[in-house]
Amino acid sequence: MFESCTDLSALSGLGWLLCYLTTGKHLLFYASFGTVLALLVITAPIALAFGFGGALAARSRLWPLRVFGKAYTAMVRGIPDIIFFLFVPIALDQGLEYLRHITLCPDWTEPVRQNMNFLVCPAAKLPPNSAPQIVHEIYGFILAVVAFSVVFGAFAANVLFGAMNAVPRAQLETAEAYGLTQRQITRRILIPQMWVYAMPGLSNLWMILIKATPLLFLLGVEDIVYWARELGATKSGIYDFPHPDWRIWYFLALLVFYLLMTKVSEWVFDRINTRLSRGQATLAGEKMRKASI
């Protein structure tokens, strides 16, 4: 914050704009871009792990695992994403609070479910009411990560399942003929070769994940959409920096941010696809082989 910003009546033009853009709320707006990036960095590997486990379960020779893997993929893919984004945090939050309730408050006699209300003893609340605001924000962010991971993990499972099935069967049969066990075939042949088939689907899934990050706003996390709406809305003369409706400019900044994110992602995935296709019996791999002759 500039020293001259203490006397707002003397500000005009560029000075007013610089002071306006360095208020505490604007600093939180800038920090919220880090929240979105943190969500992507944390959620992507967790969702990939969920998807990998779901794909292996769907291919399992054990009937219960196979049913679980296919049910997880079909259920999440068949229900609108927004329902899971809202259901998972609520279900997880209430489940954890209920477990704490029966552990910490065994003498509690009132029912937890009272009509449409979910009421637990004060000691079971998560986070505790006395916790700092940062704790509440971190807790909400963790619930959001779990919700995103469950949803996108199911889509990743479907992509990886298809990629595993795309690996030429002849290579797996050759490995069997050499005496490799099923676990060795999966680890040494199937998994290394499936990535070239999975990358197009995973890259699309990553783009969808980027576009889904504004749903943080619906989960109560103060993300870039929340602050763009808050800061851009009309401010009357009772505020330090009154202004008309500027939401279009804030959302235009978000548009540029997401376009840059997708452009960088496209470049990264193109490099990864090129590296994975080298030496593979695919159209891209064959094109690279002929180009090197």
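Residue indices follow the written sequence of each chain, beginning from 1 at its first position. Owing to the predicted nature of the model, reporting of local features is limited to residues with pLDDT of at least 70; listing and counting of side-chain atom pairs is limited to 80 or more, with chain, interface and lining totals taken over all residues. Here the side-chain values reflect all heavy atoms present in the structure, with hydrogen atoms and water set aside.

Asks: Can you walk me through the overall build of the protein in this structure?
Replies: Helix and strand content of the protein: 10 helices and 2 strands. Order of helices (α) and strands (β) in the protein, N terminus to C terminus: α-α-α-α-β-β-α-α-α-α-α-α. Expected size for 293 residues packed as a compact globule is a radius of gyration near 19 Å; at 25 Å, the protein overshoots this value by more than 25%. Along the longest, intermediate and shortest principal axes, the C-alpha atoms of the protein span 80 × 65 × 30 Å. Throughout, exposure labels follow a simple rule: accessible area from a 1.4 Å probe, protein chains only, divided by the maximum for the residue type, with under 20% read as buried, over 50% as exposed, and the rest as partly exposed. Counting across all 293 residues of the protein, residues that qualify as buried make up 35%. Sequence-distant contacts in the protein: of pairs separated by 6 or more residues, those separated by 24 or more amount to 67%. Accessibility throughout is a Shrake-Rupley quantity obtained with a 1.4 Å probe, and a residue counts as covered only by protein chains that appear here. Approximately 17600 Å² of the protein is accessible, and the part contributed by carbon and sulfur atoms is 66%. Numbering goes from the N terminus for both helices and strands, where a helix is a DSSP run of H or I of at least four residues and a strand is a run of E of at least two. The atom set for the radius of gyration is the C-alpha atoms, and the globule formula is 2.2 Å times the number of residues raised to the power 0.38. Only heavy atoms matter for contacts: two residues are in contact if any of them lie within 4.5 Å across the pair.

Asks: What is the right way to read the pattern of salt bridges from this model?
Replies: We define a salt bridge as a side-chain nitrogen of Lys or Arg found within 4 Å of a carboxyl oxygen belonging to Asp or Glu. Taken as a whole and judged by the stated rule, the model has 5 salt bridges. Put simply, K25 and E230 hold a salt bridge, and the shortest N to O gap is 3.4 Å. Here E230 lies in helix α8 (residues 224–232) and K25 lies in helix α2 (residues 24–58), a separation of 205 residues in the sequence. The class of K25 is partly exposed, set by a relative accessible area of 39%. Put simply, K125 and E97 hold a salt bridge, and the shortest N to O gap is 3.7 Å. Of this pair, K125 sits in the loop between β2 (117–118) and α5 (133–166) while E97 sits in helix α4 (residues 81–104), placing them 28 residues apart in sequence. With a relative accessible area of 2%, E97 lands in the buried category. When salt bridges with common partners are traced through the structure, they connect R169, E173 and E176 into a single cluster.

Asks: What's the story with the packing of α2 against helix α3 (residues 63–78) in this structure? I'm lost.
Replies: Packing of α2 against α3 brings their axes to within 7 Å, and their N-to-C directions diverge by 130 degrees. Classified by the angle their axes make, α2 and α3 are oblique. The element α2 and its partner α3 pack so that their crossing is left-handed. Residues F50, G54, A57 and A58 of α2 touch α3, and the partners they reach there are L65, R66, G69, K70 and Y72. All axes here are fitted lines through C-alpha atoms, helices being fitted over the stretch that makes contact, and every angle between N-to-C directions spans 0 to 180 degrees. Angular relationships are summarised with four words: roughly parallel below 35 degrees, roughly antiparallel beyond 145, roughly perpendicular across 65 to 115, and oblique for the angles in between. By definition, any crossing whose near helix is turned counterclockwise from its far helix by less than a right angle is left-handed, and any crossing with a clockwise turn is right-handed.

Asks: In this structure, what is going on with the packing of aromatic side chains? I would like to understand it.
Replies: Each aromatic ring pair is summarised here by two numbers: the centre-to-centre distance and the angle between the ring planes. Between 30 and 60 degrees the pair is tilted, below 30 it is stacked and above 60 it is edge-to-face, where a pair is any two Phe, Tyr or Trp rings, Trp via its six-membered ring, whose centres lie within 6.5 Å. Inspection of every chain in the model, using the stated rule, returns 11 aromatic pairs. Ring geometry for Y20 versus W246: centroids 5.6 Å apart, planes at 85 degrees, classification edge-to-face. Note that Y20 is positioned in helix α1 (residues 13–20) and W246 in the loop between α8 and α9 (247–277), a separation of 226 residues in sequence. The class of W246 is partly exposed, set by a relative accessible area of 23%. Aromatic side chains F85 and F148 sit 4.6 Å apart centroid to centroid with 35 degrees between the ring planes, which places their arrangement in the tilted category.

Asks: I keep staring at the state of the cysteines and nothing clicks. Help me out?
Replies: By definition, a disulfide is the covalent link that joins the sulfur atoms of two cysteine residues. Throughout, a disulfide means two cysteine sulfur atoms within 2.5 Å of one another. Counted under the stated rule, the structure contains 1 disulfide. Between C105 and C121 runs a disulfide, and the two sulfur atoms are separated by 1.9 Å. Every disulfide takes its handedness from the sign of the S-S torsion; for C105 and C121 that torsion is 75 degrees, giving right-handed. With C105 in the loop between α4 and β1 (113–114) and C121 in the loop between β2 and α5, this residue pair connects regions lying 16 residues apart in the sequence. Comparing C105 with C121 shows no difference in burial state: the two are buried.

Asks: What exactly am I supposed to notice about the nonpolar core here?
Replies: Nonpolar side chains in soluble globular proteins tend to be buried together. By nonpolar core we mean a set of buried residues, namely Ala, Val, Leu, Ile, Met, Phe, Trp, Tyr and Cys, connected to one another through side-chain atoms within 4.5 Å. F29, F148, F152 and I224 are the most contacted members of the largest nonpolar core, which has 59 residues in total. Take this core: its biggest share by element is 13 residues, from α5. Beyond its immediate sequence surroundings of up to four residues, F29 is in contact with I224, W227, A228, L231, Y250 and L254.

Asks: How should the side chain of H101 be read in this particular structure?
Replies: The residue H101 is located in helix α4 in this model. Note on H101: relative accessible area 4%, which makes it buried. Discounting chain neighbours no more than four positions away, the residues touching H101 are P106, W108, V112, V120, C121 and A124.

Asks: Which parts of the structure should I look at to understand the confidence of the model for the protein?
Replies: Low pLDDT means the predicted atomic positions in that stretch should not be read closely. Per-residue confidence for the protein gives a mean pLDDT of 85; residues scoring 70 or more make up 91%. Think of pLDDT as the predictor's per-residue confidence, scored from 0 to 100. Highest mean pLDDT in the protein belongs to α2 (92); lowest belongs to helix α10 (residues 283–292) (58).

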